[in-house]
Amino acid sequence: MAIEVLVPSIINIGGGAIAEASSILKRLDVKHPLIVTDAFLERVGLAESLRRQLEKAGIACGAFSETVSDPTTDAVAAGLRAFTEGKHDALVSLGGGSPIDTAKAIGMLAANGGRARDYKVPNEIPRKSPLHVAIPTTAGTGSEVSRFTVITDSETDEKMLIAGAPLVPNAAIVDFELTMSMPARLTADTGTDSLTHAIEAHVSRKANAFADAFALMAMKTIWAELPTAFREPDNRRARESMMLAATQAGMAFSNASVALVHGMSRPIGAHFHVPHGLSNAMLLPAVTAFSVKAAESRYAECARTIGIADRSHSDAEAGRRLVDALFERNQELEVPSPKEYGIPEERYFSLIPTMAKQALASGSPQNNPRIPTSDEIERIYRQIWT
C-alpha cells in the first residue's frame, strides 16, 4: 500500500542553526513574517534576538507572544487577529510545541476561514497555509516536522486533534543549543513525549517502512540519552542527541500515527492542565501493558532496539521486559501519578467516562494494535491514578 510522505522542504540541524533563520526566510521569499512565541521567550530575550536578526537582514516582522501552554482556540483567535491586522505573509514559530501548534492553527484559519473545530479529525483542510518556519526550543513534540496540531476548544475544553498536509511547516530549524536551559522536569516530559511518538509510530496500525526507520533510530537514542539530559542539563552531547531524536520521532509519527497513549493523554491535559509530555509518561507503561500482546513482534523489536532484550529472548519475554522497563524509567525520571501530581480525586474519577469518550473521538485509539473499548479506556484511567 502506497503512503504519502510529508516532511518540511528545509530542515536545518545543528548547534547555532537559529542564525540561519533570516537566510531561510529569504530563500522562501518571505517579506513580513509574524513571530509566534510565548511570554517566557519574550521575557528572556530570545524572541527579540530573532527579531533583530531578521530585521538586520531587511525582513520586517511582528511578534505575537500570547500563546498558552496548551494552545486554545481563544489564543489562536488572538494570534489570527495579529496575523491579519499586521498583513503578514508568513509565520515563524519559536518555542515548544505550544507556539508551533498555535502557529499551525493560525495559518490554517488564515487560509481557510471558519473555526478550529471545523477541521478536527476526520475533517480535511482544503487550502494550504501561509509559509511557516518552525524553530523548536524543546526536544520533544516533533511538531516542527509533523502534519498535526492539537488545540483545546475554549468553549468545551475538548482537546482537538487536527491533521493534514497544510500543517507541515515549510522549514524547520533544529538547534539543540536552544534546549540547554530546559529544567529537569521539562526535559523528562518532552523526552518521554518523543519516546512515545517513536514507540507508537512503530506499533501503530499505520506503521510503514519509512516511519519505522526514524522511529527505531529515535527510540534507541532517547532511551540511552534521556537520563543523562535529565541529570546533567549542561551535557551538550546528550542535548544534541535528544534534539535530533525528537525530530526523528516527529517524522516517524507524522508519517505513521500516534495511538492510544496520545488519545488518552489529550483529555487529561485538557481537563487538568497536565503538560502533554507528562500525561503521556503517566500513561505509556500501562497502555503498553494493555497493548503488547496484540503486536508482540513490534513491541519486541522496540525492546531489542533500546537494548533491554536480545534475540535470545522470545517476543513475549521481550515485550514483558519493555513494560517493566517503562515502569522503571518512570521511577527514574520521577514521573508522578495523577494523584501525586495533585489532581483532585473526585473530579478525576467523575470525568473518566467523559475522558474515555473524548479519547475515542480523537481517532488515535483506533490506530492502536489493540483497539480498546470505552470500558477498557476507563479501566486504564483508573489504573494509573496512584
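For the structure, see preceding data.
The structure presented is a predicted model; accordingly, all values stated were derived computationally and were not measured.

Novice: Would you take a moment to explain the packing of helix α9 (residues 260-272) against helix α10 (residues 276-291) for this structure?
Specialist: Each pair of packed helices can be described by the angle between their axes along with the distance between the axes. One way to put it is that α9 packs onto α10 with a least axis distance of 8 Å and a crossing angle of 140 degrees. The orientation of α9 relative to α10 falls into the category oblique. Where α9 crosses over α10, the handedness of that crossing is right-handed. Contacts between α9 and α10 involve Leu260, Val261, His262, Met264, Ser265 and Ile268 from the first element and His276, Ser279, Asn280, Leu283, Leu284, Val287 and Phe290 from the second. By residue class, the composition of the contact of α9 with α10 is 8 nonpolar, 5 polar and no charged.

Novice: Whenever I open this one, the side chain of Asn330 confuses me. Can you help?
Specialist: Following the sequence through the fold, Asn330 ends up in helix α12 (residues 315-332). Here Asn330 is in contact with Ala281, Met282, Pro285 and Val335, once residues within four sequence places are set aside.

Novice: Sorry, what's going on with unusual backbone geometry here?
Specialist: Generally, phi is negative for residues other than glycine and the peptide bonds are trans, each holding for most cases. Pro122 follows Val121 through a cis peptide bond whose omega is 15 degrees. You will see that Asp157, though not glycine, has its phi angle at about 65 degrees, which is positive. Among the secondary structure elements, Asp157 is positioned in the loop between β6 (148-152) and β7 (159-163). With a relative accessible area of 32%, Asp157 lands in the partly exposed category. At His273, a residue that is not glycine, the phi angle is positive and equals roughly 55 degrees. Looking at where His273 falls in the secondary structure, it is placed in the loop between α9 and α10.

Novice: What should I look at first to understand the packing of aromatic side chains in this one?
Specialist: Geometry of an aromatic ring pair is reported as the spacing of the ring centres plus the angle between the planes. On inspection of all chains with the given rule, the structure shows 6 aromatic pairs. Seen in terms of ring centroids, Tyr348 and Trp385 are 4.9 Å apart; in terms of plane orientation they differ by 35 degrees. Their pairing is tilted. Pair noted here: Tyr348 is in helix α14 (residues 345-361) and Trp385 is in the segment after α15 (374-383), with a separation of 37 residues, a long-range link. Taking the relative accessible area as the measure of exposure, Tyr348 reaches 0% and is therefore buried. Ring-pair connections join several aromatic residues into one group, and the members of that group are Phe272, Tyr348, Phe349 and Trp385. Arg329 extends its terminal NZ or CZ atom over the ring of Trp223, reaching a point 3.9 Å from the ring centre.

Here is what the cut-offs are and how they apply
Residues numbered from 1 in each chain as written. Predicted model: local features only at pLDDT ≥ 70, side-chain atom pairs only at ≥ 80, totals over all residues. Heavy atoms only, no water. Axes fitted to C-alpha atoms, helices over the stretch in contact; angles between N-to-C directions. Helix = DSSP H or I, 4+ residues; strand = E, 2+ residues; numbered from the N terminus. Parallel < 35°, antiparallel > 145°, perpendicular 65-115°, else oblique. Left-handed = near helix turned anticlockwise from the far one by under 90°. Contact = heavy atoms within 4.5 Å. Nonpolar A, V, L, I, M, F, W, Y, C, P; charged D, E, K, R; others polar. Buried < 20%, exposed > 50% of the residue type's maximum accessible area, 1.4 Å probe, protein only. Phe/Tyr/Trp six-rings, centres within 6.5 Å; stacked < 30°, edge-to-face > 60°. Lys NZ or Arg CZ within 6 Å of the ring centre and 35° of its normal.

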